[in-house]
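Chains, contacts and geometry: an overview
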Amino acid sequence: GQLADAYNNMTGDLKKMIQARDQLLLDVSHELRTPLTNSKLALEMLPGSKQKSSILEDIGEMETMINELLETARLNSDSFILSVVDIEVEPFLRKVLENYSLQNNRVELSSVIKGTHISGDEARLTTVLKNLIDNAVKYSAAKADPVRISAFKEASFLIIQVEDSGPGIPEEKLPFIFEPFYKADNTRAKQPGGYGLGLHLCKRIMHLHDAELEISNRIGSKGLTAKMVFPLSRKPS
């Protein structure tokens, strides 16, 4: 009985610590928005230079991180409701891929099942797909095979798949990639959105759709395979 009480107390303390951490991140994110905006306005008054461009880039990265933190808090709120609509998969994919039309054929729609529909929040599913594609492009060499997007049915699931030919992720690190602020490769250069929040946010969005986000190393070749897995028989709860 004492052991059970101690375990319950420890669980409660850990939950409070996590809640306190999340609330601190949220509060700090809100407070940082004003000084960042003021800094951008002040920089616009300065003449162009490499230093100015570098500072603006740093501010942009901070804004990305703050926006992702606030969006994560919004998605975790009990009052949040998805804007669910009927989405035809093929036009949805082609619309997202229009954003990559100027990237020298680095992204291609390799195959897509026609006439298939899913129910979901189109804006937030677009966020997930763009994040997966951006990561795939970011970590693939410029002259590597293009990032391949496909959509197909597998049993009672609709799968949207993103494959790249990058370096992949060490197998021992794969279980942690959806944790907030976790970076599988700390040696990578700092890049916008590279703070370990993007995949955590994507996982949460997929969970709200009663769907799964799966990421694995490609078998027999370099690169990653990311899958957005939707059950065809259910709508998001």
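Note that the coordinates shown come from a computational prediction; the quantities given were computed from them, not determined experimentally. (Residues numbered from 1 in each chain as written. Predicted model: local features only at pLDDT ≥ 70, side-chain atom pairs only at ≥ 80, totals over all residues. Heavy atoms only, no water.)

**Examining unusual backbone geometry**
Residues other than glycine predominantly adopt negative phi, and peptide bonds predominantly adopt the trans conformation. Put simply, the rule is: To qualify as a helix, a DSSP run of H or I must reach at least 4 residues; to qualify as a strand, a run of E must reach at least 2; elements of each kind are numbered from the N terminus. Burial classification: accessible surface area is computed with a 1.4 Å probe over protein chains only, and a residue below 20% of its type maximum counts as buried, one above 50% as exposed, and the rest as partly exposed.
Backbone geometry places Ala 155, a non-glycine residue, at a positive phi of 60 degrees. Along the polypeptide, Ala 155 turns up in the loop between strand 4 (147–154) and strand 5 (157–163). Judged by its relative accessible area of 75%, Ala 155 is exposed. Despite not being glycine, Asp 210 has its phi angle at roughly 55 degrees, a positive value. Residue placement: Asp 210 occurs in the loop between helix 5 (198–208) and strand 6 (212–217).

**Describing the nonpolar core**
To keep it simple, the criterion reads: Throughout this description, the term nonpolar core refers to a set of buried Ala, Val, Leu, Ile, Met, Phe, Trp, Tyr and Cys residues connected via side-chain atoms within 4.5 Å. Any two residues having at least one pair of non-hydrogen atoms within 4.5 Å are treated as being in contact.
Grouped together as the largest cluster of nonpolar side chains are 43 residues, with contacts concentrated most on Ile 133 and Met 228. Mapped onto this core, the elements with two or more residues apiece are helix 3 (89–97), strand 2 (107–112), helix 4 (122–138), strand 4, strand 5, helix 5, strand 6 and strand 7 (224–231). With seven residues, the top contributor of residues to this core is helix 4. Filtering out sequence-adjacent residues up to four positions away, Ile 133 remains in contact with Val 96, Leu 97, Tyr 100, Val 107, Ile 149 and Val 162.

**Topic: helix 5**
Listing the buried residues of helix 5 in full gives Gly 198, Leu 199, Leu 201, Cys 202, Ile 205, Met 206 and Leu 208. Turning to helix 5, the residues buried within the fold contact helix 2 (50–76), helix 4, strand 6 and strand 7. Backbone geometry just after helix 5 places Asp 210 at a positive phi near 55 degrees.

**Considerations on the packing of helix 2 against helix 5**
When two helices pack together, their arrangement is given by the angle between the helix axes and by the axis-to-axis distance. So the rule is basically this: In this description, a line fitted to the C-alpha atoms serves as the axis of each element, helices being fitted only across the stretch in contact, and the angle between N-to-C directions of two axes falls anywhere from 0 to 180 degrees. Note on angle classes: values under 35 degrees are labelled roughly parallel, values over 145 roughly antiparallel, values of 65 to 115 roughly perpendicular, and the remainder oblique. Take the far helix as your reference; a near helix turned counterclockwise from it by less than a right angle gives a left-handed crossing, and one turned clockwise gives a right-handed crossing. Note on residue categories: nonpolar means Ala, Val, Leu, Ile, Met, Phe, Trp, Tyr, Cys or Pro, charged means Asp, Glu, Lys or Arg, and polar means any other residue, Gly included.
Where helix 2 contacts helix 5, the axes come no closer than 10 Å and their chain directions differ by 20 degrees. Between helix 2 and helix 5, the angle falls in the class roughly parallel. The chirality of how helix 2 crosses helix 5 is left-handed. Note on element contacts: helix 5 touches helix 2 through Gly 198, His 200, Leu 201, Arg 204, Ile 205 and Leu 208, opposite Glu 68, Glu 71, Thr 72, Leu 75 and Asn 76. Partitioning the contact of helix 2 with helix 5 into residue classes produces four nonpolar, four polar and three charged.

**A look at the sheet that holds strand 7**
Note the following rule: Here a strand pair is declared whenever DSSP counts at least two bridges between the two strands.
Pairing is mixed in the open sheet, where five strands are placed in the order 2-4-5-7-6. A strand with exactly one partner marks an edge of an open sheet, and here the two such strands are strand 2 and strand 6. Here the average twist between neighbouring strands, direction ignored, is 20 degrees. Across the face of the sheet, helix 3 comes into contact with strand 2, strand 4 and strand 5 while running at roughly 175 degrees to strand 2. Against the sheet, helix 4 engages strand 2, strand 4, strand 5, strand 6 and strand 7, with an angle of about 165 degrees to strand 7.

**Description of the confidence of the model for the protein**
Under the convention used in this document: Confidence scores per residue from the predictor, reported as pLDDT, run from 0 to 100.
Here the protein shows a mean pLDDT of 85. Residues at 70 or above account for 92%. Across residues 186–193 the pLDDT falls below 50, and counting only partners more than four positions away or on other chains, this stretch makes 12 contacts in the model.

**A short note on a nonpolar patch on the surface**
Condition: Residues with no salt bridge and a relative accessible area higher than 30% make up the patches, which join like charges within 9 Å and nonpolar side chains (Val, Leu, Ile, Met, Phe, Trp, Tyr) within 5 Å. Method for areas: the Shrake-Rupley scheme with a 1.4 Å probe, in which residue coverage is limited to the protein chains shown. The working definition used for a salt bridge is a side-chain nitrogen of Lys or Arg within 4 Å of a carboxyl oxygen of Asp or Glu.
Residues Tyr 7, Met 10, Leu 14 and Met 17 make up a contiguous nonpolar surface patch of roughly 450 Å² in combined accessible area. Positionally, Met 10 belongs in helix 1 (residues 2–44).

**Considerations on the pairing of strand 7**
Summarising burial for strand 7: seven of the eight residues are buried, a large majority. Hairpin connection between strand 6 and strand 7: a loop of six residues separates the two successive antiparallel strands, and Gly 220 in this loop has a positive phi of roughly 85 degrees.

**Points about the pattern of salt bridges**
Applying the stated criterion to the full structure yields 10 salt bridges. Glu 90 is paired through a salt bridge with Arg 94; the nearest N and O atoms lie 3.2 Å apart. Taken together, the positions of Glu 90 and Arg 94, both in helix 3 and four residues apart, correspond to about one turn of that helix. Residue Glu 90 is classed as buried on the basis of its relative accessible area of 14%. Given a relative accessible area of 44%, Arg 94 falls into the partly exposed group.

**What about the environment of Glu 171?**
With respect to the helices and strands, Glu 171 occurs in the loop between strand 5 and helix 5. Here the alpha-carbon distance between Glu 171 and Val 137, two residues 34 residues apart in the chain, equals 20 Å.

**Digging into the packing of aromatic side chains**
Just so we agree on the cut-off: In summary, the pairing rule links any two rings of Phe, Tyr or Trp, Trp by its six-membered ring, whose centres are within 6.5 Å, and it sorts them by plane angle into stacked for under 30 degrees, edge-to-face for over 60 and tilted for everything else. By the criterion adopted, a ring carries a charge over it if an Arg CZ or a Lys NZ lies within 6 Å of its centre and within 35 degrees of its normal.
Applying the stated rule across the entire model yields zero aromatic pairs. Here Lys 203 stacks its cationic end above the ring of Phe 178, 4.6 Å away from the centre of that ring.

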